[in-house]
Amino acid sequence: MPGAESEAPLAPDVSPRRFSAADFDRLGRDAGFRYRLPYLSGAPRDPEALCIAEGRVETHALGPGLTLAASDIVVHHHYEATSQASPRFSAIVVLQGQAQAALGRGDSVPMRTHGGLSAAYGDGLSMTGIHPARQRLRSINVSAAAPPGTGDAQLDELIAAARRSATTSGPRRFG
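What you see is a predicted model; the values in this text were computed from it and never measured.

(A) Representation of the environment of Met 127. Along the chain, Met 127 falls in strand 10 (residues 127–131). C-alpha of Met 127 to C-alpha of Leu 103: the two residues are 24 residues apart in sequence and 4.5 Å apart in space.

What follows is the structure in structure tokens.
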């Protein structure tokens, strides 16, 4: 795959975990995302049998409505994750690999190693992350839900301001 990162094994200190279609469904329910495998023909008979990715995914609640997710995975099957909860603010940094993000039915924004985006969305919009196969993908995502907010008035105001400006500007790419 042109421009893809090396498929080097995970660092020795990382205990890789196998993520099946069923695991992604569970992760999605807990995190407010719906996962799909658009290029997989036919539904797998046993959702536990199909290994979509291997590696490590960690999520941490930083406060009310504020979540940090860090992942270091080798992606075996192209997958897409669409947010089900809104409104929301997300800042995503791709440390290695590549992905894309799209708000609603808008154009996708590419993210590559050392790049990312920030996006504020709500009022019926969703964000979809597109994750190509055959790559090592390491990323960090900070998400904030509002309302009811994070419990930090200053942070809530920054998120509200970002949401107001996002209605005209869409996702902001960096890197």
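(B) Quick peek at the environment of Cys 51. Looking at where Cys 51 falls in the secondary structure, it is placed in strand 3 (residues 51–63). Since its relative accessible area comes to 15%, Cys 51 is described here as buried. Between the C-alpha atom of Cys 51 and that of Ser 20, which follows or precedes it by 31 residues, the distance is 4.5 Å. When neighbours within four sequence positions are excluded, Cys 51 is seen to be in contact with Arg 18, Phe 19, Ser 20, His 76 and His 77.

(C) The arrangement of the packing of aromatic side chains in detail. Evaluated as defined, the whole model comprises four aromatic pairs. Their ring planes at 85 degrees and their centres at 4.8 Å tell us that Phe 24 and Tyr 79 sit as a pair that is edge-to-face. Of this pair, Phe 24 sits in helix 1 (residues 21–31) while Tyr 79 sits in strand 5 (residues 79–83), placing them 55 residues apart in sequence. The buried category is assigned to Phe 24, whose relative accessible area is 5%. Centroid distance Tyr 35 to Tyr 79: 5.9 Å. Interplanar angle 45 degrees. Geometry classified as tilted. Of the two residues, Tyr 35 sits in strand 2 (residues 33–36) while Tyr 79 sits in strand 5, which places them 44 residues apart along the sequence. Tyr 35 sits in the partly exposed class, given a relative accessible area of 24%. Its relative accessible area of 6% is what places Tyr 79 among the buried residues.

Here is what the cut-offs are and how they apply
Residues numbered from 1 in each chain as written. Predicted model: local features only at pLDDT ≥ 70, side-chain atom pairs only at ≥ 80, totals over all residues. Heavy atoms only, no water. Helix = DSSP H or I, 4+ residues; strand = E, 2+ residues; numbered from the N terminus. Buried < 20%, exposed > 50% of the residue type's maximum accessible area, 1.4 Å probe, protein only. Contact = heavy atoms within 4.5 Å. Phe/Tyr/Trp six-rings, centres within 6.5 Å; stacked < 30°, edge-to-face > 60°.

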